[in-house]
Amino acid sequence: MAYLHLNFRSDSISRSVYPTVFLPDLNFWQDIRPPYPTVYFLPGYSGGGLETAMFTNFALYCMRYGLAVVLMDGENSFYTDDEQRGALFSRYVGQELVEVTRSVLPLSRRREDTYIAGISMGGYGALINGLRYPDTFSRIAMLSPALDLRTRDAHASAWSPVPEGELLATLGTPEEYDGSYRDWEFALKKAAETPDSMPDLFLACGTEDFVRPASLRLGAMMKELNRPLAFYESDGGHDHTFWKKALDPAFRFLTGKEESECI
């Protein structure tokens, strides 16, 4: 297993970025030959790539499943584009980071080998950007996705840990949000119109998690759209204790090693 720290200047967000990368490389369990299948993993709100790597065991899953992992810093952006600030995080995640890492590392360029995943804010970001860039990502894994942090009239939900003003800045006004790539319900319905190109979805959520109602609503939507959703549920809340348990079924889903229960 190789553990790398990259640094380059991102044109999408106009600053230096420092992605963290795990490569399966050759190991004692199995010979993993490049180019490697890859998952681009998005941390949650207030979290960064290095912190997320420390709380989880990506090195183990990287070797066990023969999968490269690329983690980046989301900077509380919800992985959306802010044109006024010149901070195009959606383009950074969905295009630039993929292009740069593929150019400097032995990563597969095939859609069927390229996935996007994330925790909380990163789960929301994985969903909207996986659907926005379906030619790049074939599978999406969401761990406790932060889907409904505000009401339809742009007020923060009672349980939202994110300030209302920050949600307005990242998700936009209702007029800007509704019917855009940020609007995950609209994006799902639009993607379902072309099922052959729609990425496969996995969702994990704890039974005591405050985002569980939204996760169940996403599951109900997928049923209505007649699209499969791999679903993992266990006791737990919105924390790394649950996410550690959910990583193994998430990696099994991404690599197709074992199918999760579908709802």
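In this text, all values refer to a predicted model and were calculated from it rather than measured experimentally.

(A) Structural context of the packing of aromatic side chains. Taken as a whole and judged by the stated rule, the model has 13 aromatic pairs. The side chain of arginine 132 reaches across the aromatic face of tyrosine 181, ending 3.8 Å from its centre. In this arrangement the basic side chain of arginine 139 is found over the ring face of phenylalanine 253, its NZ or CZ atom lying 4.8 Å from the centre.

(B) View of the side chain of arginine 227. Examined against the element boundaries, arginine 227 turns out to sit in the loop between helix H8 (212–224) and strand S12 (229–234). For the buried arginine 227, no salt bridge is present, and the opposite-charge side chain at shortest range is aspartate 200, 4.6 Å distant. Contact partners of arginine 227, with chain neighbours within four places excluded, come to Ala192, Pro195, Met198 and Met222.

(C) Geometry of the pattern of salt bridges. Taken as a whole, this structure holds twelve salt bridges when the rule is applied. A salt bridge links arginine 110 to aspartate 113; the nearest nitrogen and oxygen atoms lie 2.9 Å apart. Taking relative accessible area as the criterion, aspartate 113 reaches 12% and is therefore assigned buried. With a shortest N-O distance of 2.8 Å, arginine 212 and glutamate 233 are connected by a salt bridge. Placement of arginine 212 in helix H8 and of glutamate 233 in strand S12 is noted, with a sequence separation of 21 residues between them. Residue glutamate 233 is classed as partly exposed on the basis of its relative accessible area of 34%. Through salt bridges with shared partners, a single network forms among Arg64, Asp248 and Arg252.

Criteria and cut-off values
- Starting from 1, residues in each chain are numbered consecutively following that chain's sequence as written.
- Totals for whole chains, interfaces and linings use every residue, but because this is a predicted model, local features are given only for residues with pLDDT of at least 70 and side-chain atom pairs only at 80 or more, for both listing and counting.
- As a rule here, side-chain values cover all heavy atoms of the structure and leave hydrogens and water aside.
- Pairing of aromatic rings covers Phe, Tyr and Trp, the last counted by its six-membered ring, and requires centre-to-centre distances within 6.5 Å; plane angles under 30 degrees mean stacked, over 60 mean edge-to-face, and any other angle means tilted.
- Here, a charge over a ring means that NZ of Lys or CZ of Arg falls within 6 Å of the ring centre while also lying within 35 degrees of the ring normal.
- Secondary structure elements are defined from DSSP: runs of H or I of at least 4 residues count as helices, runs of E of at least 2 residues count as strands, and each element is numbered from the N terminus.
- A simple rule labels every residue: compare its accessible area, found with a 1.4 Å probe on the protein chains alone, to the largest value its type can have, and call it buried under 20%, exposed over 50%, or partly exposed in between.
- Counted charges follow a simple rule, with Lys and Arg positive, Asp and Glu negative, and His plus the chain ends left uncounted.
- Salt bridges, as used here, are contacts in which a Lys or Arg side-chain nitrogen is within 4 Å of a carboxyl oxygen on Asp or Glu.
- Every residue pair with non-hydrogen atoms within 4.5 Å of one another is taken to be in contact.

Remember, this is a structural readout, not a statement about activity or role.
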